[in-house]
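What the coordinates show
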Amino acid sequence: MKLFKLTNNIIPQIFIFKTKFLFFLFVLSSFLEVLGIGLFIPFLTELTNSEFSFIEKIKIYFIPIYEYLNLNNWISFFLILIVLTFLIKNLLLAFIAYYENKFVENLTVDLSSRLLGIYLNQNYLFHKKFNSSELIRNINIEISTFIVFLKNLLVLIAQTIFIFGILIILLLYNAEITLLTIFIFLILMFCYNFFTNKTIDRLGKLRLNNSDIAIKHLQQSFGAIKEIKINNLENLFTGLYKTVCQKIALSVSMYSFLQQLPRLIIEFFIIFLACAGIIFSSGKYDLSLIIVTIGVFSITAVKLIPSSLKIYQSIQGIVYCLPSLKVLSKQLNLKIDTRKKNNKKKIDIFSKHITFDKVYFKYQNQKKHILKNFNLKLCRGEKVAIVGSSGVGKTTFIELLMGLIYPNKGKISVDKYKIIDVLNDFHRIIGYVPQDIYLIDDTVLNNITLLDNSKLNKKFINEVIKKSKLKTTINKLPNGVNTIIGERGSKFSAGQRQRLAIARALYKKPKILVLDEPTSSLDKFNENQIINEI
C-alpha cells in the first residue's frame, strides 16, 4: 500500500488516467495470452483422440461457430482460433509497445522539467544547503530510475494476472500436478527472496549514494582544471572518479547477476519435474494421456518460465529502485517559495529609498546573529560602498538587499512596500555583477540577455556593449555577438568575462546596481572608464 502511495505522490495528475489505461492494456494482453495458451489444450486432446470431460463441455459453446464454418474436424477449428487469438494479441502488443514508449518519454520530460521548476522556485537558502550534484542526480538519474520502477510495477501486475490465468487452466486440467508444482516453486522462491532481498536493497542505496559522488567528482574535475593541471593531479582525480564508478558498477553487476540467477533455478526445476513425471507415469497411465499432459505442461512452461522470471525480476527491480522512489516522492512535493509571486500589475517602485528596519538575521542551526538590530537607509541616486573584513556579513547584507534571503526579524522596505511583498517587481529593477561570474555555454548575445530574447533591443545591446568596454573584443570575434564563448566563458579572459557580466547587469536598465568587486580583473584604464560610464 505504501508503494502505491509513493507512486501516486510522484505521478502527475494528468498522467494518472494514462497510467490506468496502460495498466488496462497490460491486463487485456495477459488475458489474450492466457486464451492463446489455453486453446492448445483442446487442440492437443483432439490431436491425440484423448477424452477430457471439461474439454467436451467447452466444445459445446463453440458448436454453432463450428457448424457455420463447415469444417471437417475440431483440429482445424482450434488451429484457426489459436491463429486469430495470437494475431489479435500481437497487434495489441505492438500498440502497447508504441503507447508505453510514448507514455514513458512524456512522463520523463514532465517529471524532470517539473522537478527542475520546483528546485528553481525554492528560496536561495535551499540552494546554499544542497549540493548541485545531488539535485542534478535527482533530475537525471533518479527520474530514469523511477521510470524503470514503473515499468517493473506494470510488468509485475500484468504477468501475475497472466500466471494466475494459466494456473487456473492447469488446475482444471490436472490439479494434483499443478498444486505440487506451485508448492515446490513457492518454497524455492521464498528461500531465494529471503537470502537476497536485503542485499538488493543495499545495492540500490549504494548506487544512489555513489551516483551523487560520481557527478560531484566530474563537476570538480572540470571546474578546477587549471589547478589540477598545475599541480599534476590528473591521475588523482581520475582515480577518485574511477573508484566511485567501480562501486556503482559493482552494485549494478551484482544486481544483474541476482536477476539472472532465478532463470537457471527455474529452468532446472521444470526439467527435473518433467523428467520425474515421465519416469513415474510410465506403465501406469495411457500413453495418449501422458503425451497430452507433457504437451500441455511443456507449452505452458514455455510461457510460464519467462513470466515467472519477469515477476521475480520486477520484484527485485522494485526493491532496487525503492530508495529513488522515497527521494523523488519527497522532492516532487517540496513546497515552492510562494513569497515570490507573479504580480498581474507591475508596480513602479524605488522612487525614494530602501530601508532596513531593526533587521535580525542568522542562518538555520546557528546561534549567533550575523546582523542584529541592523538599521540603514539607502536613497535613490546614492553610491554606497560596503567594506569590512572577511566574515563580517557583507555577502549576507547583499543577499538580504536583493531579496534572495529574508530577515528572521524586522523588515526591509522599498518606498512604502515590504520587499518580500513585491519581490518580482523588485528583482526587475536590480542589476547584479557577482564576484564569481557564471557564463553559459552560448553566444555573447545570449549571455547578456540570459536567453530572454522575448523583448530583444539590438540598439540597446550595442549601447551596453560600448559602456562595458566590450566593443573592441566583440569586433574581433568571428561571429560578433553571435560567437559561442565556451563553457563558463572559457574563450574569454577574466577581464572580458567581468565586462560581459557588467553588460548583462546594465541590459536590465536597473534602478539599483549591485557590484561585488566588479573590476577586480580589469586593468586600471578599463576600470576607470567603466566606473565613469556607470
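The structure reproduced in this document is the subject of the present report. Remember, it's a predicted structure, so these values are computed and weren't measured experimentally. (Residues numbered from 1 in each chain as written. Predicted model: local features only at pLDDT ≥ 70, side-chain atom pairs only at ≥ 80, totals over all residues. Heavy atoms only, no water.)

Within the largest apolar cluster, 47 residues are counted, with the highest numbers of intra-cluster contacts made by Leu107 and Phe146. Of all elements in the fold, only α1 (2–10), α2 (16–38), α5 (74–120), α7 (132–173) and α11 (287–331) reach the threshold of two or more residues within this core. No other element matches the 17 residues that α7 contributes to this core. With residues up to four places along the chain from it excluded, the contact list for Leu107 reads Pro12, Phe15, Phe146, Ile147 and Leu150. (Core = buried A, V, L, I, M, F, W, Y, C linked by side-chain atoms within 4.5 Å. Buried < 20%, exposed > 50% of the residue type's maximum accessible area, 1.4 Å probe, protein only. Helix = DSSP H or I, 4+ residues; strand = E, 2+ residues; numbered from the N terminus. Contact = heavy atoms within 4.5 Å.)

So, on to the pattern of salt bridges. Applying the stated criterion across every chain yields a total of six salt bridges. Arg114 is the partner of Asp110 in a salt bridge, and the nearest nitrogen-oxygen pair spans 3.9 Å. Placement of both Asp110 and Arg114 in helix α5 is noted, with a separation of four residues, approximately one turn of the helix. Connected through salt bridges with shared partners, the residues Arg137, Glu142 and Arg207 form a single ionic network. (Salt bridge = Lys/Arg side-chain N within 4 Å of Asp/Glu carboxyl O.)

What follows deals with the packing of helix α15 (residues 458–467) against helix α17 (residues 494–507). Interaxial distance between α15 and α17 falls to 9 Å at its minimum, and their mutual angle equals 135°. When the axis of α15 is compared with that of α17, the two are oblique. Crossing geometry of α15 relative to α17 is assigned as right-handed. Note on element contacts: α17 touches α15 through Ala503, Leu506 and Tyr507, opposite Phe460, Ile461, Val464 and Lys467. (Axes fitted to C-alpha atoms, helices over the stretch in contact; angles between N-to-C directions. Parallel < 35°, antiparallel > 145°, perpendicular 65-115°, else oblique. Left-handed = near helix turned anticlockwise from the far one by under 90°.)

Now for a nonpolar patch on the surface. Together, Ile65, Tyr68, Leu69, Ile80, Leu84, Leu87 and Leu91 make up a nonpolar patch on the protein surface, roughly 730 Å² of accessible area in all. Elements with a contribution of two residues or more to the nonpolar patch: α4 (53–69) and α5. Take the nonpolar patch: its biggest share by element is four residues, from α5. Tracing the backbone shows Leu87 in helix α5. Judged by its relative accessible area of 49%, Leu87 falls in the partly exposed class. (Patch = residues over 30% accessible without salt bridge, like charges linked within 9 Å, V, L, I, M, F, W, Y side chains within 5 Å. Areas by Shrake-Rupley, 256 points an atom, 1.4 Å probe, with all protein chains shown as cover.)

The next point concerns the sheet that holds strand β4 (residues 417–418). If you walk across this open sheet you meet the four strands as β2-β1-β3-β4, and the pairing is antiparallel. In this open sheet, the two edge strands, each paired with only one partner strand, are β2 (371–379) and β4. Taken together, the five bridges between strand β1 (residues 353–361) and strand β3 (residues 409–414) define a ladder with antiparallel strand orientation. Across the sheet, Asp357 pairs through a bridge with Lys411, a residue of β3. Sitting on the sheet, helix α12 (residues 394–401) touches β1, β2 and β3, and the angle it makes with β1 is about 125°. (Pairing = 2+ DSSP bridges.)

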